[in-house]
Amino acid sequence: MKSAIAVVALLTACGPGQGLNDRWTVRKPVQVIIEDQPLDSTEARRALAEGLRQLGFQTTETGAGQTITAVRDDCTCASCNRNTAAWVDPVSYDVIRVCDRAGVAARDLGAARAADLILKHELGHVLGLRGHTPSGLLSARLDDHADIRSFTQSDITAICDAGGLASPVCL
Ligand SMILES: [Zn+2]
């Protein structure tokens, strides 16, 4: 086991979700766009596509009206601190901003695992979750879900309860 790291992937105090009612629907595929950012691009794309599939989405390589983008960010947001690995743009809610700290996590945890832990967590915020869960991928501290690679049932319930996702997994 690697030494404990304290990477906190959080989204707090970035304002309430606005008009998110069923904003995301599995009736349309999602295009995942990975820009230059600190995580391995291939693993980042895989992790997001995998997380989306688990929630009932298909992904596409072409523009589909629903996109999720991962970009590098200097992470000076109001809720960011030195442990923040990534955060979600509080205006569009479809941009995951990845901090250089995520690169440190990738060195500690491996590229694939770091992409799962950080990007699937942020995907939960993109899809509507504003807070965190006590356990699972959507717990606030990466240390608290370092062995979890996919959404737990409580993660899925929390995302569904947030009201932004229209998917059979929420029925
Ligand atoms: Zn979070």
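Preceding this section is the structure that the text describes.
Here is what the cut-offs are and how they apply
- Residue positions within a chain follow its written sequence, with the count starting from 1.
- Totals for whole chains, interfaces and linings use all residues, but because this is a predicted model, local features are given only for residues with pLDDT of at least 70 and pairs of side-chain atoms are given and counted only at 80 or more.
- Where helices and strands are cited, they refer to DSSP runs of H or I of at least four residues and of E of at least two residues respectively, numbered from the N terminus.
- Any residue whose C-beta has 12 or fewer other C-beta atoms within 10 Å is treated as exposed, any with 20 or more as buried, and any in between as partly exposed, C-beta atoms being built from the backbone.
- Each residue gets a C-beta atom placed from its backbone, and two residues are in contact if those atoms lie within 7 Å.

A. A look at unusual backbone geometry. Phi at C75 is positive, roughly 55 degrees, even though this residue is not glycine. Along the chain, the position of C75 falls in the loop between β4 (67-72) and β5 (86-88). For Y93, which is not glycine, the phi dihedral falls at a positive 55 degrees. Topologically, Y93 is positioned in the loop between β5 and β6 (95-98). Its 22 C-beta neighbours within 10 Å are what place Y93 among the buried residues.

B. Expanded view of the environment of L127. Take L127: it is sitting in the loop between α3 (111-126) and α4 (153-162). When the 24 C-beta atoms within 10 Å are taken as the criterion, L127 is described as buried. Sequence separation between L127 and T25 is 102 residues; the distance between their C-alpha atoms is 9.8 Å. Residues within four places of L127 in sequence aside, it is in contact with W24, L55, I159, G164 and L165.

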